[in-house]
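Notes for the structure review
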Amino acid sequence: MLSKYISKGFTRRTFLKTSAAATAALGLPKVALAAGEPIKIGFLAPLTGAVAAWGKPGLDGCMIWAERVNAAGGIMLADGPHPVEFVAYDEEYDPAKARTGATKLIREDGVSFIMMLGGDPWPGVQPVAERTGMLFSTLLPSDLSPDTKTLLAPAEVHPIYNVTGVEWLAQNKPELKTAVMCAQDDALGLPSVATYLAAFEAAGIEMLDEPLLFDPATTDFAPVVTRLMAKNPDIICLDTCYSDYVHPIAEQLFQQNFKGQIISCTADFYDQMIAKTSKEFMEGFIFQFPDFDDPALNAENVNFQDPNGFYAEYNKRHPGQWGAVSWEYASIMDLWKVAAEKAGSADPEAVLAAMKDGPGNHAFGEAEWWGNELFGIDNALVGDWPVVAIEDGKAVIKEFRSIPDWYNRHGDLLIKHMQAYGQMWDQRG
Amino acid sequence: MLKPMMFLLGAAALIALPHGLSFSQQEILVFMVINILLVMSYRLLTLTGEWSLGHVVIMGVGAYASALMTKNLGVPVPLGMILGGVAAALLAVLLSFPLFRMKGFYFLIGSFAAGEIIRLIWKRFREPFGGVRGISGIDPMPDFSIGFYSFDFFEPVSYYYFAGAIVAFCLWVLWRIEKSPVGLTFHAVHWQDKLAQASGVNLRAYRTLAFAIASGFAGIAGALQAHYVGTVNPNSFDIEVMVFVLTWAIVGGTTTFYGPILGCVLLTVINEIVLRGMGFEQARPLFYGAIMILSILFLPNGLESIVQKFIPRKSAAKSDRKAEA
Amino acid sequence: MMELLAQTGLNAVYAASYISLVAVGLVLIFGVMGVINFAHGELFMAGAYAVVALYADMHLPFFVAVPIGMVFVGVLGLVMERGLFRPLKGNPLGGLVASIGFLMILQSLAVMGFGVRMEHIPPVTQEVWRISDKVGLPVARIYVIVAAVVLLSALWYFLKRTRFGWALRASAQDPEAAALQGISITQTARIAMFIGAALAGVAGALTAPLVSVNPHMGHSVIVTAFIVIIVGGVGSLEGAIIASVVYAFVHTFVTTFSDGVLADIVGLMLMLVVLIVKPTGLFGSADRA
């Protein structure tokens, strides 16, 4: 793949950079522990601006990951151990800046792999990925398409895993029959709306109202909550809202005297939500993201390295900043490390081949490469996903549930609702 | 014959420029060239005294129009770019009916509202605008060869030459317009609108004309960007981007032709190269903001005022008319 | 249905209160200084962060933290007046750019001091004033409503009944004539900036426990405030208050009875229609701007 772009834009500089990258990949035999050329990993996500909360905490997590890996000897390739280091570029959630950043990371810094948040900036990077063959990862599988074979969604297959929470709820609390939903009108909210609609339909739960969409700039949620409660639903579903929305919505549900079940994709900083409402109110709140000190994560099937230690270290360094993105980028790195060591090389093509050779070691257990029907390519890693409930003020993993199982039974419903919201890969503009 | 010599030297320097830069700097250069066209088209509008907050959205109209026409109707990319400019100009004519009922501050905010409505329309109507995700996979400019140089439009150097040539041509047109009787009338509309009206100038028509021309060139800039990046979405044209255009124009100064170019080049280099290079990730907006404040405090007439000091009296006299008023 | 209407009405009253505090501040600054303060949303944000620091982190009582936050943001206003707007007198575009620069600085400072994540503020009270099982108004929201009514009434009294207020209004109407009357323009500018900023700050401080406090929270506030002051007529304090109420009711009711995105479109359309029908806003005078 590298040869492809050397032949296209061959200059002395490209040559130097690519040969530097190649030496980083192949390297020379080294004896000392992790004394080889450092392997550089690109981190291309928003670090400033309104979306920074989806990038910066992830970079903080990666720094901890790198320290832990380097202390344990680094990445063991065919020619010996290599330390790993991260090179970050702030793409400000803008496609043009992301393109510039990808170019810099690949052609100047010689990185072996680039992690992105994805979303709006991805289409700007896509031509660069195609031309250079660089391996990329995204947190948003809706970026996947058959056009780019080297883009993976290995951490979370948002929003498909949300079906596990609904299914768990239907089985464990069958008395809940009706639901309503609200979501912010953006690239994260809409596919999630379609997923929850499919999950509720599959579970035989009736939607009392059309999903209520609100603008991402909303600050006062009292009107939204008043509307949600107007039809007396058993379940209120908060879709995939950012914590900036989940908290005030929960606070308003409490203040407006909601007594039913709440289900949400995320509940980052749920301790603060409890402080704003009450322990009794939050009891039984269902969501999808466990605390990493949960004992269930020490089970055999979980592949995230030392989740409890990572969580403790993260909270020590960045108190109050823990959220889903804090571990997701690091979990991608776990997966990448395994693949690179299997391939014996950091070369993007070799790592990709090693990664997709058989099932992948997803953070929450062994998983398969999947997604052809939804994304046009099997580049999303799907397996079990935890259903988490708040019990006595603490998030507890209730169960790991299989996403493919659900999909094999109800895939047609998901496709139907995804199509209605224009979210299928071949419907994207 | 000093002038043609200077001109040739300048052109040679601009052609050589990207070869002295790193890859990412070449990318930044491409976007800077496009932004120069954007800010220069904005300047034409400001000549009539109106400051808009919708200019970046108008740029987006050109980008969306060109992207949709090339993608859905199979229009060739270069033609799509021109039609993108035309679409932006036509929309500007349409918008002029409500907007030119207002002046000054009201026009500023009115243009902002009009722009927000256009953006909400893009978000709301997934067909054909693609909703919040916008449009991706926009056709790139097809590669071609002119004998001694083959254009590969993935490479920033190639696109820089291509966009640079178009922008240079557009700037020349803008220059001609400004120096023509029409351009002089634009100035008159701004500074002496009562008088201009009394001498039979149709103020509204000239304002609309300036708005349409400015929007047309902004649309071309948008199309240039869309076919390079390959994607457009509503957030790429929001008020935060507009704020940057506004500051380039004001920090550079708008009384001379080169003022906004100075502002755009200097502020882009500071933000994208110097501050990034110094590693202030989180603090980058802080330094950028401080530099903006300092420059406006100490150079209230823009960066162009420094240049004017060093330029011989003759050419300074030319711009006196504008600068004084 | 009656209950839904009643609850929505109460929601709208709260929204109208904090919006009018922000909008009146913005109008006051524009009226006296002649500049559009783009950083007004960030002054709101600064007020909220003052409560984060004093109440959430340092555990001062909320009703001590709010006035301190209000004065703190008022002082920020004085800094802007002295550092930015006074040197840039007669250069409204320069003032605009300077306030944008100030906005970026405030946002960065918030990010560096507190992180990019939203902040947690423990509730001040969880009491709810209940009318029925379905209709109620949280006491924390009542505080905001009461504060808005008290502060805006005090401002009204100050403007109409005191000499300072008279000077302020005079220089807002015609700075040159005011100067001839022996009014110190600098002094009135200082007072206007302090009050205008402090109103935004107190709105941010009071609503901090009710909204998500993050470094970018100012953005949506300033957009709303712009719409409101256009509808009300730039430079008209009464107009700003009435337009806040109109906007809050329209937006709240459309959100509850249709959806939030449509509510934004309706809000913008409302503003555009007002601009087209009466380009100076409902209460604006023609010659200002």
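What counts, and where the lines are drawn
Throughout this description, residue numbers start from 1 for each chain and increase along the sequence as written. Each chain takes a letter, starting from A, and each ligand takes a number, starting from 1, following the order in which they are written. For a predicted model such as this one, the threshold for reporting local features is a pLDDT of at least 70, and the threshold for listing and counting side-chain atom pairs is 80 or more; totals across whole chains, interfaces and linings nevertheless cover every residue. UniProt positions are given in the numbering used here, feature names are shortened, and annotations may be inferred rather than shown by experiment. Helix and strand assignments follow DSSP, with helices taken as H or I runs no shorter than four residues and strands as E runs no shorter than two, numbered in order from the N terminus. Note that the radius of gyration is over C-alpha atoms, with the globule rule given as 2.2 Å times the number of residues to the power 0.38. Here a residue counts as buried when 20 or more other C-beta atoms sit within 10 Å of its C-beta, as exposed when there are 12 or fewer, and as partly exposed otherwise, the C-beta atoms being derived from the backbone. In this description, a residue-residue contact is defined by the distance between C-beta atoms placed from the backbone, which must lie within 7 Å. Gly counts as polar in this scheme, as do all residues outside two lists: the nonpolar Ala, Val, Leu, Ile, Met, Phe, Trp, Tyr, Cys and Pro, and the charged Asp, Glu, Lys and Arg. Angles shown run from 0 to 180 degrees and are taken between the N-to-C directions of axes, each axis being a line fitted to C-alpha atoms and, for helices, limited to the stretch in contact. Angle categories: roughly parallel below 35 degrees, roughly antiparallel above 145, roughly perpendicular from 65 to 115, and oblique for all the rest. In this scheme the handedness of a crossing depends on how the near helix is turned from the far one: anticlockwise by less than a right angle means left-handed, clockwise means right-handed. In this scheme, strands are said to pair when DSSP sees at least two bridges between them. Values of pLDDT, the confidence the predictor places in each residue, fall between 0 and 100. By convention in this section, buried Ala, Val, Leu, Ile, Met, Phe, Trp, Tyr and Cys residues joined through C-beta atoms within 7 Å make up a nonpolar core. Per the annotation, domain bounds derive from an automatic or database assignment of domains. Orient the strands so they point away from the viewer; a crossover is then right-handed if the path from the first strand over the helix to the second runs clockwise.

Going by an unreviewed UniProt entry, chain C carries the name Amino acid/amide ABC transporter membrane protein 1, HAAT family and comes from Roseovarius mucosus DSM 17069. Quoted verbatim from the Sequence similarities (unreviewed entry) heading of the UniProt record, the comment on chain C is "Belongs to the binding-protein-dependent transport system permease family. LivHM subfamily." Quoted verbatim from the Subcellular location (unreviewed entry) heading of the UniProt record, the comment on chain C is "Cell membrane".

As recorded in an unreviewed UniProt entry, chain A goes by the name Amino acid/amide ABC transporter substrate-binding protein, HAAT family, listed as coming from Roseovarius mucosus DSM 17069. Quoted verbatim from the Sequence similarities (unreviewed entry) field of UniProt, the annotation for chain A is "Belongs to the leucine-binding protein family."

Turning our attention to the overall build of chain C. Across its full length, chain C carries 11 helices and two strands. Taken from the N to the C terminus, the helices and strands of chain C come in the order α-α-α-α-β-β-α-α-α-α-α-α-α. Its C-alpha atoms give chain C a radius of gyration of 19 Å, within 12% of the compact-globule value 19 Å for 289 residues. On the principal axes, the C-alpha backbone points of chain C span a range of 60 × 45 × 35 Å. By the burial criterion, 61% of the 289 residues in chain C qualify as buried.

Looking only at helices and strands, chain A features 16 helices and 18 strands. A globule of 429 residues ought to have a C-alpha radius of gyration of about 22 Å, and chain A, at 22 Å, matches this closely. Each of the three principal axes of chain A carries a C-alpha extent, and together these read 70 × 45 × 40 Å. The 429 residues of chain A split such that 62% are buried. In chain A, 67% of the contacts between residues at least 6 apart in sequence involve partners at least 24 apart.

What follows is about the interface of chain B and chain A. One widely used convention gives an interface's size as the accessible area the parts lose upon coming together. Counting residues at the interface gives 30 residues for chain B, matched by 27 residues for chain A. Mapped onto the side of chain B that touches chain A, the elements with two or more residues apiece are α2 (23–47), β1 (135–136), α10 (203–229) and α13 (284–298) of chain B. No other element matches the five residues that α2(B) contributes to the side of chain B that touches chain A. Here the side of chain B that touches chain A is built from residues that sort into eight nonpolar, 14 polar and eight charged.

All names here are of chain C. In the contact formed by helix α1 (residues 2–33) and helix α9 (residues 218–232), the axes pass within 9 Å of each other and the chain directions differ by 70°. Between α1 and α9, the interaxial angle falls into the category roughly perpendicular. Along this stretch, α1 crosses α9, giving a crossing that reads as right-handed. For the pair α1 and α9, contact is made by Ile19, Val22, Ala23, Leu26 and Val27 and by Val221, Thr224, Ala225, Val228 and Ile229, respectively.

As a further point, take the sheet that holds strand β16 (residues 380–382) of chain A. All names here are of chain A. Sheet architecture is open: three strands sit in the order β14-β15-β16, paired in antiparallel fashion. Every other strand in the sheet has two partners, leaving β14 (360–362) and β16 as the edge strands with one partner each. Adjacent strand axes in the sheet meet at a mean angle of 50°, parallel and antiparallel pairs treated alike. Here β14 pairs with strand β15 (residues 365–370) via three bridges, running antiparallel. Within the sheet, the bridge partner assigned to histidine 362 lies in β15 and is glycine 365.

Take the interface of chain B and chain C next. At the interface, 31 residues of chain B touch 32 residues of chain C. Those elements that provide at least two residues to the side of chain B that touches chain C are α5 (104–124), α11 (239–252) and α13 of chain B. With 11 residues, the top contributor of residues to the side of chain B that touches chain C is α5(B). When its residues are assigned to classes, the side of chain B that touches chain C shows 24 nonpolar, five polar and two charged.

Moving on, we get to the UniProt feature "transmembrane region" (unreviewed entry) in chain C. Residue and element names in this part refer to chain C. In the numbering adopted here, UniProt assigns the feature "transmembrane region" (unreviewed entry) to residues 12–39, 59–80, 92–115, 135–159, 191–211, 223–249 and 261–277. Structurally, residues 135–159 is divided into 84% helix and 12% strand, and its ends, taken at the C-alpha atoms, are 37 Å apart. Helix makes up 85% of residues 223–249 and strand 0%, whereas the separation of the span's terminal C-alpha atoms amounts to 17 Å.

Mean pLDDT over chain C: 89, with 98% of residues reaching 70 or higher. Per the prediction output, this complex has pTM 0.88; the corresponding ipTM is 0.88.

Below, the discussion takes up the sheet that holds strand β1 (residues 39–45) of chain A. Residue and element names in this part refer to chain A. Read across the open sheet, the five strands follow the order β4-β1-β5-β6-β7; overall the sheet is parallel. The open sheet is flanked by β4 (84–90) and β7 (151–152), the only strands paired with a single partner. Here β1 pairs with strand β5 (residues 113–116) via four bridges, running parallel. Opposite phenylalanine 43, over in β5, you have methionine 115 as the bridge partner. Sheet contacts for helix α4 (residues 95–108): β1, β4 and β5; angle to β1, the most-contacted strand, approximately 175°.

In this section: the UniProt feature "domain: Leucine-binding protein" (unreviewed entry) in chain A. Annotation from UniProt places "domain: Leucine-binding protein" (unreviewed entry) at residues 38–393 of chain A. Annotation note: span residues 38–393 of chain A, helix share 40%, strand share 19%, distance between end C-alpha atoms 43 Å.

Right, let's talk about the nonpolar core for a bit. Core analysis: the largest hydrophobic core is formed by 363 residues, its most contacted members being Val22(C), Val51(C) and Val202(C). Beyond its immediate sequence surroundings of up to four residues, Val202(C) is in contact with Leu21(C), Gly47(C), Val66(C), Met70(C), Ala147(C) and Leu151(C).

Looking now at the packing of helix α10 (residues 237–257) of chain C against helix α11 (residues 260–277) of chain C. Residue and element names in this part refer to chain C. Their axes nearest at 8 Å, the elements α10 and α11 cross at an angle of 150°. Here α10 is positioned roughly antiparallel relative to α11, judged by the angle of their axes. Once α10 is placed against α11, the crossing between them reads as right-handed. Contacts between α10 and α11 involve Tyr247, Val250, His251, Val254 and Thr255 from the former and Gly260, Leu262, Ala263, Val266, Gly267 and Leu270 from the latter. Looking at the contact of α10 with α11 residue by residue, the classes come out as seven nonpolar, four polar and no charged.

Glancing now at the domain arrangement of chain A. Residue and element names in this part refer to chain A. Assigned domains within chain A: domain 1 (2–158 + 299–382) and domain 2 (162–287 + 384–427). Each of domain 1 and domain 2 was reduced to a C-alpha centroid, and the two centroids are 30 Å apart. A per-class count over the side of domain 1 that touches domain 2 returns eight nonpolar, seven polar and three charged.

Right, let's get into the pairing of β5(A). Residues and elements named next belong to chain A. Because side chains alternate across β5, one face comprises the buried residues Phe113 and Met115, and the other comprises Ile114 and Met116, equally buried. Here two bridges tie β5 to strand β6 (residues 136–137), and the two strands are oriented parallel to one another. Bridge pairing in β6 places methionine 115 opposite serine 137. Crossover handedness for the path β5 to helix α5 (residues 122–132) to β6: right-handed.

We now examine the environment of Val232(B). Here Val232(B) shows up in strand β4 (residues 231–232). The spatial distance from the C-alpha of Val232(B) to the C-alpha of Ala63(B) is 7.1 Å, given a sequence separation of 169 residues.

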